[in-house]
Amino acid sequence: MVTTQAESVLGGSPYRADCPTRHILDRIGDRWTVLIVGALWDGSVRFSEVRRRVEGISQKMLTQTLRGLERDGLVHRTVHPEVPVRVEYTLTEAGRTLREPLRALEQWAIANLGNVSASQDAYDRGPTSS
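Presented here is a report on the structure given in the accompanying data block. (Residues numbered from 1 in each chain as written. Predicted model: local features only at pLDDT ≥ 70, side-chain atom pairs only at ≥ 80, totals over all residues. Heavy atoms only, no water.)

## Some remarks on the nonpolar core
- Formed by 21 residues in total, the largest nonpolar core has its most connected members in Ile 36, Leu 40 and Val 50.
- Sort the elements by how many residues they give to this core and helix α3 (residues 31-39) lands first, with 5 residues. (Core = buried A, V, L, I, M, F, W, Y, C linked by side-chain atoms within 4.5 Å. Buried < 20%, exposed > 50% of the residue type's maximum accessible area, 1.4 Å probe, protein only. Helix = DSSP H or I, 4+ residues; strand = E, 2+ residues; numbered from the N terminus.)

## Let's talk about the packing of aromatic side chains
- Counted by the stated rule, this structure contains 0 aromatic pairs.
- Here the guanidinium or amino end of Arg 99 rests over the ring plane of Trp 41, the centre of that ring lying 4.9 Å away.
- Arg 103 extends its terminal NZ or CZ atom over the ring of Trp 41, reaching a point 4.1 Å from the ring centre. (Phe/Tyr/Trp six-rings, centres within 6.5 Å; stacked < 30°, edge-to-face > 60°. Lys NZ or Arg CZ within 6 Å of the ring centre and 35° of its normal.)

## What about empty space enclosed by the protein?
- This structure, assessed with the given rule, holds 1 cavity of 30 Å³ or more.
- One number sums up the size of the largest cavity: a volume of about 40 Å³.
- If you trace the largest cavity, you find it lined by Val 34, Val 37, Gly 38, Trp 41, Arg 99, Leu 102, Arg 103 and Glu 106.
- Contributions of two or more residues to the lining of the largest cavity are made by α3 and α7 (99-125).
- Looking at the lining of the largest cavity element by element, the count peaks at 4 residues for α7.
- Classifying every residue of the lining of the largest cavity gives 4 nonpolar, 1 polar and 3 charged. (1 Å grid on protein atoms, 1.4 Å probe; cavity = no way out; pocket = protein on both sides within 12 Å on 5 of 7 lines; lining within 4 Å. Points joined across faces, edges and corners; volume = space filled by probe spheres on them. Nonpolar A, V, L, I, M, F, W, Y, C, P; charged D, E, K, R; others polar.)

## Regarding the pattern of salt bridges
- Across all of its chains, the model carries 7 salt bridges by this definition.
- For Arg 53, the salt bridge goes to Glu 49, with nearest N and O atoms at 3.0 Å. In this pair, Arg 53 and Glu 49 both sit in helix α4 (residues 47-53), 4 residues apart, roughly one turn of the helix.
- The shortest N-O distance in the salt bridge between Glu 88 and Arg 86 comes to 2.9 Å.
- Through salt bridges with shared partners, a single ionic network connects Glu 49, Arg 52 and Arg 53. (Salt bridge = Lys/Arg side-chain N within 4 Å of Asp/Glu carboxyl O.)

Structure follows, in structure tokens:
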């Protein structure tokens, strides 16, 4: 297989099935990741507050996504030894670098909602005869 300049500089290619960058793209391309990073935008947030900010996410999915983000070094989990225990989540330095690209995707989705909805409606109606 021929290695491209981008692969030699960056050390990987997500277009290759065996490339670990696919895991990273899976993580940051996940809708819950996008929304959780947005929910943590302003700093440390408790689990229950993240759940309130991200409507529709189940407790199980929030827990799984936060654990994955923590494992990937994008979120830091702090446990405060109080009664009851208080747990807060904060974006790491690497996680903070995702804010702008993910915010751009969020803004694109908002700006293009009408066009995408119209295209979906036209597609769902089926082909029109001309």
